[in-house]
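# Structure assessment
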Amino acid sequence: FACLAWSHSETRLLYVAEKSRPKRRPSCPWDVPGAAGPAEEEEDEEVGAMAVLQGEQFMYHEDWGEALSTRSMPVLCILDLESSSLSVLEGVPEHLSPGQALWSPDDRGVVFVGWWHKPFRLGLSACSNRRRPWAADPLLPTELLSSDNGAAWSPRLSPDGQRLLYLEGPVGGPHRQCLRLCLVSWLHGTRHPVLPVCLLAQHSAPLAAFAGLYTEVLPPRCWAADNRRAVLSTPQRSRTVKQLRSPTCSLSPGSPEGCWELLTLQWDLLVATCSAPHHPPSLVVAMLPPSGQELPLCWVPVENTPTVPGVTWKTLMIQLPCSGQGSTAPNAQDFETLLLSPSDGTAPHPLVVCPHGGPHAVFDARWRPSMAALCQLGFAVLLGECWGPWGHVTPCPAGNMAPMAPVSPVNYRGSLGFGQASISSLLSRVGEQDVADTQLAVEQALHREPLDPHRLALLAGSHGAFIALHLLTREPERYRACALRSPVSNLPALLGTSDIPDWRYTSLGLPYSFERVPRAEEVATMLLRSPIAQAAQVQTPVLLCVGARDRRVSPTQALELYRVLRARGVPARLLWYPEGGHALTGVETEADVFKNCARWFLQHLGQ
């Protein structure tokens with residue numbers, strides 16, 4: 001929802017805030033329905049504060065789910081510096097929660113995104129499929145500028161105020177999907193998709209066909225000075241590329257692959273960070289050439305960081321086996337994985353396999369301190385987990401970056417960056433296709449690289465942990481250790497505990513509606529796809545890390561699994577972080593999780 005926008009006259013500031021609720025008065029022994037408290041207590045109340053009505057002090061109020069538990073009723077506020085006044089924007093339809101607002105070109109109106117919260121709120125984090133039209137409010141009445149039944153967000157006004165760019169996607173279905181980049185002419189009100197998109201991709205090999213847009217948000221400043229081009233980043237297979245609205249092209253400075261993120265574009269000055277699995281982020285700048293002359297970009301390092309010794313990486317292409325007829329199935333597509341390896345010359349290395357969460361996410365070749373640290377401890381890492389910002393960026397330019405072997409996450413079919421067909425192929429095949437793809441990636445990595453097949457471990461979170469648990473049940477003696485964060489183990493149990501109950505149906509190819517009540521056969525299907533149903537097969541020592549405040553995957557999922565494993569004599573350890581959410585973020589929490597996972601692997605795989 002967040003926004004903080006100056007008017008063009010710089011006299012008013014537009015921002016979003018949470019609507020105040022009546023204050024709850026502390027309960028007292030003499031509280032009875034209709035009775036008032038003592039006079040001295042009333043005198044201590046804030047001026048203008050509303051008291052909770054009798055009988056409503058325990059009323060349930062919805063929020064927007066994981067990572068947004070303190071957000072329920074956002075309102076748009078305007079601070080007028082000339083009159084020193086503060087006002088709340090009126091006239092927003094009652095069924096919408098407004099956010100991502102900006103001023104209209106003449107400062108006489110506001111453009112905002114409105115999330116539907118009727119009949120009830122569904123979680124927003126990592127879900128681009130929520131109904132959210134956007135509108136212009138010339139301070140009354142409100143005019144709808146996008147499809148009422150669509151999902152539109154990230155409005156960005158061109159420097160001359162004539163065009164408005166935004167992202168648009170379908171409502172329902174996969175929680176992340178291929179998106180459209182749309183444009184509205186402010187003067188004429190015409191709306192149309194923006195075709196072709198120019199890729200500012202920093203990679204050594206030319207991209208094949210453009211695989212679509214998947215970015216979670218447009219940069220706050222993305223327009224070029226000519227008001228005709230806009231720059232953004234999006235996953236394209238296992239890398240993230242910058243894109244420019246204009247004919248499709250790839251801007252490749254000839255550097256190795258990596259991860260680029262655009263910070264801002266101001267008067268054609270591009271400011272970005274670039275990183276790689278063995279290289280922390282560096283700050284770089286470049287001037288955007290005139291239209292049609294974008295190739296190549298000349299990036300200038302502003303602040304370079306040294307590479308981390310002892311880590312190499314490469315991208316592995318995983319090829320699906322042919323069917324009996326000599327060709328792959330209709331939904332079969334090759335996919336990619338990133339492999340990080342120690343460069344100490346002590347091969348074969350033990351391998352830690354990391355299928356990514358989501359499942360509609362992607363693992364790009366960015367800097368991840370924990371993965372580099374595992375390499376320095378002597379482990380090779382097969383990556384496929386995404387815990388940071390979604391999407392990819394491109395490789396770093398020149399500078400003093402040494403050539404590197406490519407990286408390899410398990411970007412199984414259904415990951416972002418490989419086309420909408422790949423995303424859709426996973427629906428109704430969750431727990432099957434993603435598991436088989438991950439195991440295939442492991443087999444091909446072991447066949448091609450100097451890795452120790454007798455020292456394998458799993459490290460994953462959320463849906464990645466769901467995949468890891470399935471692997472443990474299918475090959476009980478294959479993996480010697482497993483460390484999981486916020487694991488999904490019991491699908492039907494999430495129907496009443498997760499902030500995204502719709503995904504439980506969609507992932508299995510079942511229709512969803514707000515009034516949906518599960519039928520017995522649907523619950524049975526969910527349970528059959530759940531690792532908990534086969535937990536008796538697990539023999540591998542398992543470390544579980546959960547956050548008590550997780551709204552996406554209840555920590556009771558791990559608790560149930562922990563009890564089953566302990567009852568069967570399987571070594572298991574449960575770490576419970578009282579203030580942790582789904583991603584287990586925060587310096588202290590992240591450090592503790594990493595230390596425990598590293599110790600677990602060293603204990604069960606050996607130095």
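These lines cover the structure that appears in this document, whether it is placed above or below. (Residues numbered from 1 in each chain as written. Predicted model: local features only at pLDDT ≥ 70, side-chain atom pairs only at ≥ 80, totals over all residues. Heavy atoms only, no water.)

## Observations concerning the overall build of the protein
- Summing up its helical and strand segments, the protein has nine helices and 27 strands in all.
- Across the 607 residues in the protein, those meeting the buried criterion constitute 55%.
- By sequence separation, contacts in the protein at least 24 residues apart represent 69% of the contacts at least 6 residues apart.
- As presented, the protein carries roughly 26100 Å² of accessible surface, and 56% of it is formed by carbon and sulfur atoms. (Helix = DSSP H or I, 4+ residues; strand = E, 2+ residues; numbered from the N terminus. Buried < 20%, exposed > 50% of the residue type's maximum accessible area, 1.4 Å probe, protein only. Contact = heavy atoms within 4.5 Å. Areas by Shrake-Rupley, 256 points an atom, 1.4 Å probe, with all protein chains shown as cover.)

## With respect to the pairing of strand 11 (residues 180-185)
- Burial runs high along strand 11: five of the six residues are buried.
- Relative to strand 11, strand 10 (residues 163-169) runs antiparallel, the two being bridged by six bridges. From the neighbouring strand, leucine 165 faces strand 11, where its bridge partner is leucine 183. (Pairing = 2+ DSSP bridges.)

## Notes on the sheet that holds strand 2 (residues 12-18)
- If you walk across this open sheet you meet the four strands as 1-2-3-4, and the pairing is antiparallel. The strands lining the two open edges of the sheet, one partner per strand, are strand 1 (4-6) and strand 4 (85-88). Looking at each pair of strands side by side, their axes are set apart by 25° on average, direction ignored. (Axes fitted to C-alpha atoms, helices over the stretch in contact; angles between N-to-C directions.)

## Observations concerning the pattern of salt bridges
- Counting across every chain of the model gives 20 salt bridges.
- With a closest N to O distance of 3.0 Å, arginine 121 and glutamate 62 form a salt bridge. Residue arginine 121 is located in the loop between strand 6 (110-116) and strand 7 (134-137), and its partner glutamate 62 is located in the loop between helix 1 (39-43) and strand 3 (74-80); the two are separated by 59 residues in the primary sequence.
- Overall, the relative accessible area of 16% leaves arginine 121 in the buried class.
- A cluster of three or more residues bridged by salt bridges with shared partners is formed by Glu261, Asp364, Arg366 and Arg368. (Salt bridge = Lys/Arg side-chain N within 4 Å of Asp/Glu carboxyl O.)

## Comments concerning the environment of aspartate 502
- Structurally, the position occupied by aspartate 502 is in helix 6 (residues 501-506).
- Its relative accessible area of 7% is what places aspartate 502 among the buried residues.
- Linking aspartate 502 and glycine 123, residues 379 residues apart in sequence, is a C-alpha distance of 9.7 Å.
- Discounting residues that sit within four places of it in the chain, aspartate 502 has contacts with Leu122, Asn129, Arg130 and Tyr512.

## What to know about the side chain of glutamine 100
- Note on placement: glutamine 100 falls in strand 5 (residues 96-103).
- Within the structure, glutamine 100 has its side chain in polar contact with the backbone nitrogen of serine 154 (distance 2.8 Å).
- When residues no more than four places from it in sequence are discounted, the contact partners of glutamine 100 are Phe1, Ala2, Cys3, Val111, Phe112, Val113, Trp115, Trp153, Ser154 and Pro155. (Polar contact = N/O pair within 3.5 Å; in protein donor to acceptor, adjacent residues only side chain to side chain.)

Functional significance is not addressed by these values, which are geometric in nature.
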